[in-house]
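Observations on the model geometry
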Amino acid sequence: MELRQLQYFLAVVEEASFTRAAARVHVAQPGVSAQIRQLERELGQELLDRTGRTVRLTDAGAAVVPYARAALDAVAGARQAVDELTGLVRGKVTLGSVGSIASIDLPRLLADFRRLHPSVEISLWEANSADLVAALNAGGIDAAIVGLAAPALSGIRTQIVADEPIVAVVGPGGPFADRDAIRLTSLRDRPLITLPRGSGLRSYLDDACAGAGFTPRIAFEASDPRSLIQFARHGLGIAILPASIAGAHPGRLHTVAITRPRLRGRLALAWRSSGPASPAGRAFVAHARTALARAG
């Protein structure tokens, strides 16, 4: 008994026609008929009733169908397992991420995955959240750490991995240097230092200010949060940052909570709803989801 005999037999059963089955498996009809006759001789029973206008199963044929399907499914599973292993041995993974992240230990995440899959090549690409989401949808990267300004992204699945306050940071003698907290409206007409458009934090800020009835006055933009810290340190404005980044650069800076409303920044692990195309990419997403949930 050969696998192709089972394949041809199931094709005839599903098409109810030798002609259509032959076209489906790309084999001449006599070849399909000959292989099924050989299968019937080996089993000692006719599997198909050929007397009518359409081909029908005999009782013996009906009994064979589930086993034939199981055999072909098992072969397909074995091939997939080998493909998965080959993909992990020779695979590549690209993780996208927004800039400096104090609340997530990315080096450890990548190092732990490398120890599990030492042959997989890993690369990291930094960009703003909007560009990362576009790259995910285009299949250019396997997963990304992005800032979320909305609870859902089209075509993307997410898992929240960080949720923290957004704060104002001022230099010595700057506005609000003697305050622990301010209302969001206190920032009206103040020079602000923040991330560029397209970042999750900037989206939070713009949306919150619009809800409070004003447009933020952006004095300086920088994609690296560390630059925002330096601008604030030199008195060039009020830096708007996640609390974890502000706390990682204390120096002579003063951190002020923003209230009414309180602003919170969320980071999420994001991946395509259909999943990464490669076995290595799927393995990385599974690893990252578990590791970041545990860390969180």
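Summarised in this report is the structure supplied together with it. The structure presented is a predicted model; accordingly, all values stated were derived computationally and were not measured. (Residues numbered from 1 in each chain as written. Predicted model: local features only at pLDDT ≥ 70, side-chain atom pairs only at ≥ 80, totals over all residues. Heavy atoms only, no water.)

Quick look at the overall build of the protein
Our working definition: Helix and strand assignments follow DSSP, with helices taken as H or I runs no shorter than four residues and strands as E runs no shorter than two, numbered in order from the N terminus. To get the radius of gyration, use the C-alpha atoms; to get the globule rule, take the number of residues to the power 0.38 and multiply by 2.2 Å. Each residue gets one of three labels from its accessible area relative to the maximum for its type: buried under 20%, exposed over 50%, partly exposed in between, using a 1.4 Å probe on protein chains only.
When helices and strands are tallied, the protein shows ten helices and twelve strands. The C-alpha radius of gyration computed for the protein amounts to 30 Å, which surpasses the reference 19 Å derived for 296 residues by more than 25%, pointing to a less compact arrangement than a globule. Along the longest, intermediate and shortest principal axes, the C-alpha atoms of the protein span 95 × 40 × 30 Å. When the 296 residues of the protein are sorted by exposure, 41% land in the buried category.

Let's talk about the pairing of strand β12 (residues 264-272)
To keep things clear, this is the line we draw: In this description, strands pair whenever DSSP reports at least two bridges between them.
Counting buried positions over the nine residues of β12 gives seven, a clear majority of the element. In the sheet, strand β5 (residues 143-148) pairs with β12 via five bridges, with the strands oriented antiparallel. Each residue of the ladder has a partner; that of Ala144, found in β12, is Ala270. Where strand β6 (residues 156-170) and β12 come together, nine bridges link them in antiparallel fashion. When the sheet's bridge partners are listed, Asp163 is paired in β12 with Arg266.

With respect to the packing of aromatic side chains
This is how the line gets drawn: Between rings of Phe, Tyr and Trp, where Trp is taken as its six-membered ring, a pair exists when centres lie within 6.5 Å; planes separated by under 30 degrees are stacked, by over 60 edge-to-face, and by other angles tilted.
Under the counting rule described, the total for this entry stands at two aromatic pairs. Ring centres of Phe220 and Phe231 lie 5.2 Å apart, and the angle between their planes is 35°; this geometry places the pair in the tilted category. Of this pair, Phe220 sits in strand β9 (residues 218-221) while Phe231 sits in helix α8 (residues 225-233), and the two are eleven residues apart along the sequence. The partly exposed category is assigned to Phe231, whose relative accessible area is 27%.

Examining helix α5 (residues 106-116)
Cut-off, in case you're wondering: Think of it as the arc spanned by the lines of direction from the helix axis to the C-beta atoms. A contact between two residues is defined here by any heavy atoms of the two lying within 4.5 Å.
The set of residues buried in α5 consists of Leu106, Leu109, Leu110 and Phe113. Each buried residue of α5 sits inside an arc of 90° when the element is viewed along its axis, so together they form one side. The exposed set on the far side of α5, more than 90 degrees from its buried face, consists of Pro107, Arg108 and Arg115. On its buried face, α5 is in contact with β3 (92-97), β4 (121-126), β5 and α10 (279-295).

Focus on unusual backbone geometry
Where the residue is not glycine, phi is negative for most of them; where a peptide bond is considered, it is trans in most cases. The step from Arg260 to Pro261 runs through a cis peptide bond, and the omega angle for that step is 0°. Relative to the helices and strands, Pro261 resides in the loop between β11 (254-259) and β12. Although it is not a glycine, Asp189 sits at a positive phi angle of roughly 70°. Secondary-structure assignment places Asp189 in the loop between β7 (181-183) and β8 (192-194). Judged by relative accessible area, Asp189 falls into the exposed class, the value being 55%.

Some points on the side chain of Gln35
The residue Gln35 is located in helix α3 (residues 29-43) in this model. Once residues lying within four places of it in the same chain are set aside, the contact partners of Gln35 are Glu2, Arg4, Gln5 and Tyr8.

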